[in-house]
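# Coordinate analysis (summary)
Chain by chain, the residues run as shown.
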Amino acid sequence: MASSSDDDFVILICSNPNPIAAEPPQEEIHISTTDILSWDLPTILSYPTVKVHACRNRLIEKSSYFQGLLRGSFSESCLDSTPIQWNLEIFVHVLKCIYGCPLHFTSKNFVPLFEMWAMTSKVFGNVPYNLLLSCLDHPYLTVDSEMHLSDALLVWLNANSKQLENFSRTGEHCHGIFRHVRIGLLPLWFAAGKRNSCYFSKVFEESIDLIFRLVDAPPITSMNVLEHADLHHLKIRLTEYSKKVNLSGCPQITLATLLLSVLPVSYSMDPTLRKSIKQLLIGLERHERDQSPIPQGLLPMLSFEAVQEIDISKCPRLHLEAFITCISKSFPSLRTLKAAYLLNFKTTALHQLVHRCPLLREVDLTMDISPLIPAQVSVGSSSLAITPPLSNKSLSVGNDPADVISLKKSGMSLPNITKLTLEGRSDICDLDLQYISKFCSSLHELNIQGCISVTDVGISNLLGKCMKLHSIVVCDTSFGVNSVLSLCSGVTNHGSFPVAHLGRKHKSLAFSLQKLHMGGCKGVDETSFRELLSQTQTLTSLCLRDTHLNDEILHCFSGSSLKMLDVSNTMVSGAALAQIVHGNPGLKHLRARGCRNMLQQETNTSEGEFSSLYKCKELYFELGKKCKLEEVALGWGFSCFSFEALQPAIKSLKSITVGLGGSLGEDVLQRLSATCPMLESLILHFQVISDTVVTNMMSLRNLRVLALCYCLGDISMLSFNFSTPNLRKLRLERVTPWLTNNDLIILTQTCANLVELSLLGCKLLGSDSQQIISHGWPGLTSIHLEECGKVTENGISSLLDCTALEDLLLHHNGPGIQKNFIFYAASKLPMLRKLSLDLCDASEGDFDIPDYDDKCLVSTVKIARCKPRRCNFSLPAHRRPVHEETLVLVRNSKNLYRTVVKERL
């Protein structure tokens with residue numbers, strides 16, 4: 001047991017997304033356990049971030065959690081500070097308990113404190129079976145998601161395998177334990193992935209069957225599926241202690257599900273009351289979607305005031321306007337709404353949301369980013385394929401400058417959204433930004449990455465009015481000179497808000513930015529770029545990838561707080577980066593892949609090559625001396641010598657990417673698992689590898705992502721004969737041409753828990769590989785197969801048994817794909833969002849383009865077209881096709897666009 005001497009300290013950093021004070025005096029507070037007896041809890045909880053100076057040894061002695069975190073194999077064990085992902089109030093109570101202070105239990109903190117114990121205790125598997133059943137029957141059982149409850153039960157079952165065998169021998173069944181899971185509310189990807197469960201595959205098969213019966217039923221009659229049965233498995237588990245409701249990935253969720261969960265029990269038991277709900281739902285569907293969908297006082301909805309977060313991402317069948325009305329009544333304390341990947345979430349719904357939920361602080365409406373980024377593609381032609389009828393209620397809120405004043409006079413509080421994520425929303429335009437700037441002026445964090453329909457002027461107007469912003473993500477947009485001027489100007493357009501009230505009379509918005517991501521924004525000229533970087537001195541996260549960044553511009557940055565820097569695919573050199581690293585010792589994430597000037601030679605000296613090499617090494621010496629890295633992505637100039645210099649900085653490395661121009665050598669790659677034992681992601685491009693190298697990689701116990709792309713060397717199936725249960729994503733591109741169906745079977749056994757699979761150039765695979773993939777990895781959400789033999793020569797059959805697929809790419813795998821495949825795939829795969837095909841694989845030479853259903857999640861379809869390669873010396877039979885163009889169909893909440901581009905996307 002370590003001593004409790006106070007000479008070894010660690011700083012524990014805990015974030016508080018919902019501080020007591022609406023306007024905290026500062027962003028963070030520093031406290032120490034040396035004066036823990038005098039801690040003022042209300043004051044501490046009023047700050048967004050709390051940093052606690054604590055004795056490392058004391059924490060290790062008194063807590064198994066901190067023993068594993070600070071002494072074990074976690075990367076945090078060698079750091080001077082570490083983030084703690086706990087509820088702040090509970091965290092403070094636990095610290096006081098560790099330091100001998102009395103622990104005061106209340107009705108609010110008892111359940112969270114108990115759940116902290118239950119989730120981390122090693123004796124959870126020793127809980128008696130009958131006691132576990134009693135807990136599952138308790139009306140106050142609180143879980144965020146039925147998936148979490150299932151996971152916990154699987155942990156218990158794995159720890160009690162012998163008891164299961166005894167039950168089996170005596171004729172008893174332990175399946176009853178899973179009857180307490182509401183299988184109708186499991187995420188589809190989770191249920192699909194558990195179909196290979198040793199003991200309970202039948203339970204998850206039942207779940208999938210129920211999910212698809214609900215998905216296939218019209219929303220208004222979704223209850224008809226269980227018309228004469230108990231609706232228990234369709235009721236969301238809500239108690240007075242529920243704080244989060246996670247329904248993400250459940251395509252079966254409808255308004256009926258939500259209503260059943262927030263109405264008194266009698267409504268689900270009484271056939272007459274069930275009928276009244278059904279009639280209401282029919283009426284809702286007949287209403288226009290933008291009208292008030294639930295008449296006031298019609299149903300006695302229950303209120304769950306403790307609920308602060310709801311996640312309905314990937315739930316396309318929800319009637320959103322009615323959903324918003326429902327949550328405003330039943331969840332009055334809602335602060336966070338996540339509704340990612342929902343095409344039917346229009347900006348009119350956002351307008352309704354922020355006014356009906358006055359305590360709402362965070363909204364996430366993320367979508368897949370369109371492949372049609374203007375700076376990245378060459379458009380041949382573009383047209384509007386479908387124009388849906390316009391709503392009679394527009395979002396023209398910007399025409400009346402008195403909107404804000406009239407709201408104040410009416411007694412209604414202004415929306416207080418502090419974090420808004422609109423990533424990938426190609427339907428967002430300048431008018432929407434005008435609305436956001438007017439009614440969400442308290443924004444702290446804004447993400448409009450990939451919003452390709454907004455202009456530089458629209459972005460600049462928003463930035464000129466939202467003067468509390470400290471986090472801006474504008475990658476792949478038209479962010480340009482006007483926007484930079486808004487950030488850097490000390491005099492801005494505040495609308496009806498006085499400058500003095502905002503406290504920014506002399507400082508620009510850029511001065512207080514903590515996060516600026518402007519990757520891919522090529523509309524910023526050098527002068528503006530210099531001015532912007534010279535003012536952003538407090539940044540902790542900076543993304544400048546794919547911009548016109550060079551050394552002269554980068555030298556203008558004088559900040560010293562960077563934790564993340566991305567300069568990928570820019571013109572910066574190693575010497576300029578070394579200067580930045582020297583001034584930012586807290587750097588943890590560095591991405592500089594694709595920077596050719598890392599090896600730029602000095603042409604004005606006879607020793608130019610040596611000088612260039614020295615300056616490149618200077619970067620790695622600085623990194624090794626100053627930083628504790630968690631992520632690196634490097635290419636040109638990254639060598640075995642660079643790696644040796646980096647070693648002091650990469651003991652806790654979690655992710656490494658080596659790209660074109662980098663060469664680590666086989667010896668370094670063989671030692672990678674010993675040098676960086678905490679690696680979770682390993683991505684190698686154009687490296688020399690061998691069986692020994694890959695075997696060592698597979699031995700990394702935390703490895704979740706492995707990508708070997710265009711690597712050289714002789715590897716065999718022996719490399720993959722080791723079990724890697726934690727591996728989730730596997731990419732093998734041009735490295736395993738020998739892979740056969742039998743090899744694929746072995747791969748399904750050694751990498752049993754994959755959710756993403758990408759194979760390129762595996763030319764020996766046959767059509768039977770479809771069944772091998774779907775049977776071995778039923779929970780796959782992404783499949784990319786390109787130039788993989790005869791996989792699709794006989795059409796698509798069992799591949800779609802991976803029912804939770806979200807992303808499917810099939811190129812040059814055999815001309816057997818039926819003409820109506822796009823419609824067929826969308827109807828069979830309720831989670832499918834992205835589909836990429838090649839006309840070379842079409843059995844009839846073309847694919848039908850279907851009309852899209854509102855309940856469909858598909859947002860992007862890409863169809864590549866090839867042409868024969870012209871060669872004077874080749875016979876026509878030996879001509880290989882080469883890419884000619886790609887037809888891209890992109891759908892958002894408003895339109896479907898049909899665009900032809902030259903690139904192969």
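Sequence order as written defines residue numbering, which begins from 1 separately in each chain. Side-chain atom pairs in this predicted model are given and counted only at pLDDT of 80 or more, local residue features only at pLDDT of at least 70, and totals for whole chains, interfaces and linings cover all residues. Hydrogens and water are ignored here; the side-chain numbers use all heavy atoms of the structure.

## As for the packing of helix α29 (residues 741–750) against helix α30 (residues 769–776)
Put simply, the rule reads: Lines fitted to C-alpha atoms define the axes, with helix axes restricted to the stretch in contact, and inter-axis angles between N-to-C directions lie between 0 and 180 degrees. A run of H or I in DSSP becomes a helix once it reaches four residues, and a run of E becomes a strand once it reaches two; helices and strands are each numbered from the N terminus. Relative orientations are named as follows: roughly parallel for angles under 35 degrees, roughly antiparallel for angles over 145 degrees, roughly perpendicular for angles from 65 to 115 degrees, and oblique for any other angle. A contact between two residues is defined here by any heavy atoms of the two lying within 4.5 Å. Side-chain classes follow a simple rule in which Ala, Val, Leu, Ile, Met, Phe, Trp, Tyr, Cys and Pro form the nonpolar group, Asp, Glu, Lys and Arg form the charged group, and the remainder, Gly included, forms the polar group.
It is the contact of α29 with α30, at a shortest axis distance of 10 Å, that shows an interaxial angle of 5 degrees. Considering their axes alone, α29 and α30 lie roughly parallel with respect to each other. Residues N741, L744, I745 and T748 of α29 lie in contact with α30, whose contacting residues are S769, I772, I773 and G776. Looking at the contact of α29 with α30 residue by residue, the classes come out as four nonpolar, four polar and no charged.

## Considerations on a nonpolar patch on the surface
Inclusion rule: Patch membership is restricted to residues that have no salt bridge and whose relative accessible area is over 30%. Joining uses 9 Å for like charges and 5 Å for the nonpolar side chains Val, Leu, Ile, Met, Phe, Trp and Tyr. Note on areas: these come from Shrake-Rupley sampling with a 1.4 Å probe, and a residue is covered only by the protein chains present in the view. The term salt bridge refers to a pairing of a side-chain nitrogen on Lys or Arg with a carboxyl oxygen on Asp or Glu at a separation within 4 Å. Exposure classes here rest on a 1.4 Å probe applied to the protein chains alone. A residue is buried below 20% of its type maximum, exposed above 50%, and partly exposed in between.
Nonpolar side chains collect at one region of the surface, where L660, F686 and Y710 lie side by side and expose about 280 Å² of accessible area between them. Mapped onto the secondary structure, L660 falls in the loop between β18 (655–658) and α26 (665–670). For L660, a relative accessible area of 42% corresponds to the partly exposed category.

## Some thoughts on helix α10 (residues 201–216)
Helical periodicity: at 3.6 residues per turn, an α-helix aligns residues three or four positions apart in one direction. Convention followed: The length a helix should cover is 1.5 Å for every residue beyond the first.
For α10, built from 16 residues, the straight-helix expectation of 22 Å at 1.5 Å per residue is met to within 8% by its first-to-last C-alpha distance of 23 Å. The complete set of buried residues in α10 reads V203, F204, S207, I208, L210, I211, F212, L214 and V215.

## Some words on empty space enclosed by the protein
Stated precisely, the cut-off is as follows: In this analysis a 1.4 Å probe is tested at points of a 1 Å grid over the protein atoms alone, and where it fits but cannot get out there is a cavity; an open set with protein on both sides within 12 Å along at least five of seven lines is a pocket; lining residues have an atom within 4 Å of a point. Grid points are joined across faces, edges and corners, and a volume is the space filled by probe spheres set on the points.
A complete count under the given rule lists eight cavities of 30 Å³ or more for this structure. Considered as a void within the structure, the largest cavity measures approximately 90 Å³ in volume. Lining the largest cavity are 14 residues; nearest its centre among them are M367, D368, G424, S426 and R891. Taken together, the residues of the lining of the largest cavity sort by class into three nonpolar, seven polar and four charged.

## Considering the packing of helix α19 (residues 481–488) against helix α21 (residues 526–535)
Inclusion rule: Should the near helix be turned anticlockwise from the far one by less than a right angle, the crossing is left-handed, and should it be turned clockwise, the crossing is right-handed.
Contact pair α19 / α21: the axes reach a minimum separation of 10 Å and the direction vectors enclose 30 degrees. Here α21 runs roughly parallel to α19, going by the angle between their axes. The interaxial crossing formed by α19 with α21 has left-handed handedness. Where α19 abuts α21, its residues V481, V484, L487 and C488 lie against S528, E531, L532 and Q535. Taken together, the residues of the contact of α19 with α21 break down into five nonpolar, two polar and one charged.

## Considering the confidence of the model for the protein
Heads up, the condition is: pLDDT measures the predictor's confidence residue by residue and takes values from 0 up to 100.
Residue-level pLDDT values for the protein average 83, and 80% of them are 70 or greater. In the model, residues 601–612 has pLDDT below 50 throughout and makes eight contacts with residues more than four positions away in sequence or in other chains.

## Side note on unusual backbone geometry
Even without being glycine, K314 reaches a positive phi, approximately 60 degrees. Relative to the helices and strands, K314 resides in the loop between β6 (309–311) and α14 (320–330). Relative accessible area serves as the criterion here: at 17%, K314 is assigned to the buried category.

## Let's talk about the packing of aromatic side chains
The line we're drawing: Only Phe, Tyr and Trp rings take part, Trp by its six-membered ring, and two of them pair if their centres are within 6.5 Å. Stacked means planes under 30 degrees apart, edge-to-face means over 60, and tilted covers everything else. Here, over-ring charges are defined by two tests on the NZ atom of lysine or the CZ atom of arginine: distance to the ring centre within 6 Å, and angle to the ring normal within 35 degrees.
Taken as a whole and judged by the stated rule, the model has eight aromatic pairs. Ring geometry for F686 against Y710: centres 5.7 Å apart, planes inclined by 25 degrees, an arrangement best described as stacked. With a gap of 24 residues between them, F686 in the loop between β19 (681–685) and α28 (691–698) and Y710 in the loop between β20 (705–709) and β21 (729–733) connect regions that are remote in the sequence. In this structure Y710 comes out as partly exposed when scored by relative accessible area, which is 35%. Through successive ring pairs, a cluster of aromatic residues spans F178, W189, F190 and F204. The cationic tip of R58 hangs over the ring face of Y99; the distance from NZ or CZ to the ring centre is 5.0 Å.

## With respect to the environment of I863
In this structure, I863 sits in strand β26 (residues 860–868). Taking the C-alpha atoms as reference points, I863 and V900, 37 residues apart in sequence, are found 9.5 Å from one another. When near neighbours in sequence (up to four residues on either side) are disregarded, I863 contacts I822, L837, L839, F847, I849, E885, T886 and L887.

## Here we look at the sheet that holds strand β2 (residues 28–32)
Counted only if it meets this: Any two strands between which DSSP finds at least two bridges are classified as paired.
Pairing is mixed in the open sheet, where four strands are placed in the order β2-β3-β1-β4. Looking at which strands have only one partner, the edges of the open sheet turn out to be β2 and β4 (81–84). Across the sheet, the mean angle separating the axes of adjacent strands is 25 degrees when strand polarity is ignored. Pairing of strand β1 (residues 9–15) with strand β3 (residues 49–55) involves seven bridges; the strand directions are antiparallel. The residue bridging C14 from the neighbouring strand is V50, located in β3. Along the sheet face, helix α4 (residues 88–98) touches β1, β3 and β4 and points at about 150 degrees away from the line of β1.

## A look at the pattern of salt bridges
As enumerated under the stated definition, the model contains 23 salt bridges in all. For D368, the salt bridge goes to R833, with nearest N and O atoms at 2.6 Å. One end of the pair, D368, is in the loop between β8 (362–364) and β9 (379–386); the other, R833, is in the loop between α31 (821–828) and β25 (834–838), and 465 residues separate them in sequence. Take D368: its relative accessible area is 12%, and that puts it in the buried class. Take R833: its relative accessible area is 7%, and that puts it in the buried class. For the salt bridge of K729 with E756, the shortest nitrogen-to-oxygen distance reads 3.7 Å.

## Quick word on the environment of R734
Along the polypeptide, R734 turns up in the loop between β21 and α29. Contact partners of R734, with chain neighbours within four places excluded, come to Y710, C711, L760, G761 and E787.

## Regarding the state of the cysteines
Put simply, the test is: Only a pair of cysteine sulfur atoms within 2.5 Å counts as a disulfide in this structure description.
For the structure on display, the rule yields zero disulfides. With no disulfide of its own, C475 lies 4.2 Å from the sulfur of C543, the closest cysteine sulfur. With relative accessibility at 2%, the residue C475 sits in the buried group. C762 forms no disulfide, and the closest cysteine sulfur to it belongs to C788, at a distance of 4.6 Å. For C762, a relative accessible area of 0% translates into the label buried.

## Here's the deal with the layout of surface pockets
Of the pockets and cavities examined, the second largest pocket occupies roughly 1,600 Å³. For the second largest pocket, the lining is made up of 46 residues, of which R731, E756, H784, D807 and K834 are closest to its centre. No other element matches the five residues that strand β22 (residues 756–760) contributes to the lining of the second largest pocket. Of the residues in the lining of the second largest pocket, the class split is 16 nonpolar, 14 polar and 16 charged.

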